[in-house]
Amino acid sequence: MDEKQPIQKNHKVSLNARSSATITGVKDVLSFDAGEVLLETEQGILMLRGNDLHVNRLTLEKGEVDVDGKIDSLTYSDSNNYGKSGESLISRLFK
């Protein structure tokens, strides 16, 4: 039997002067507020932190997100621990 590998879509982060970001390969938006945007991408969980963050464009059909504001950090984590049934988002974030 041939075990099929999942097809990876392109994931790209474009950051312009720490004030706007365009992200492709987004599967889902897990949470967002003025200080943090949490995205599930093709390459894992992506956390954007900063001030006055706004999700300007969200097109999950195309897997695209635009974020504006003062972006202080971009952090990836493995998505294997996220999405387990019965766990709240908060408990998954603080593992």
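Above this text you will find the structure in question.
Calculation rules
Residues numbered from 1 in each chain as written. Predicted model: local features only at pLDDT ≥ 70, side-chain atom pairs only at ≥ 80, totals over all residues. Heavy atoms only, no water. Pairing = 2+ DSSP bridges. Helix = DSSP H or I, 4+ residues; strand = E, 2+ residues; numbered from the N terminus. Axes fitted to C-alpha atoms, helices over the stretch in contact; angles between N-to-C directions. Core = buried A, V, L, I, M, F, W, Y, C linked by side-chain atoms within 4.5 Å. Buried < 20%, exposed > 50% of the residue type's maximum accessible area, 1.4 Å probe, protein only. Contact = heavy atoms within 4.5 Å.

S.K.: What am I meant to see in the sheet that holds strand S6 (residues 64-77) here?
M.R.: Hydrogen bonds along the backbone pair up the strands of a sheet, which may run parallel or antiparallel. With antiparallel pairing, six strands are arranged side by side in an open sheet as S1-S2-S6-S5-S4-S3. Unpaired on one side and paired on the other, strand S1 (12-16) and strand S3 (26-32) mark the two borders of the sheet. Direction aside, neighbouring strands of the sheet carry axes that sit 35° apart on average. With five bridges connecting them, strand S2 (residues 20-24) and S6 associate as antiparallel partners. Residue pairing in the sheet places Thr22 in a bridge with Asp66 of S6.

S.K.: Looking at this structure, how should I read the pairing of S3?
M.R.: The side chains of a regular strand alternate between the sheet's two faces. Sheet analysis places S3 next to strand S4 (residues 36-41), joined by five bridges and oriented antiparallel. When the bridges of S4 are listed, Val26 appears paired with Thr41. Hairpin geometry of S3 and S4 is characterised by an intervening segment of three residues between the two adjacent antiparallel strands.

S.K.: Sorry, what's going on with the nonpolar core here?
M.R.: As a rule of thumb, soluble globular proteins bury nonpolar side chains together. Ala21, Ile23, Val26, Val29, Val37, Leu39, Leu46, Leu48, Leu53, Val65, Val67 and Ile71 together form the largest nonpolar core, which totals 12 residues. At the level of elements, S2, S3, S4, strand S5 (44-59) and S6 are the ones that each hand at least two residues to this core. Contacts of Ile23, omitting those with residues within four sequence positions, involve His11, Lys12, Val13, Leu39, Leu46, Leu48, Gly63, Glu64, Val65 and Val67.

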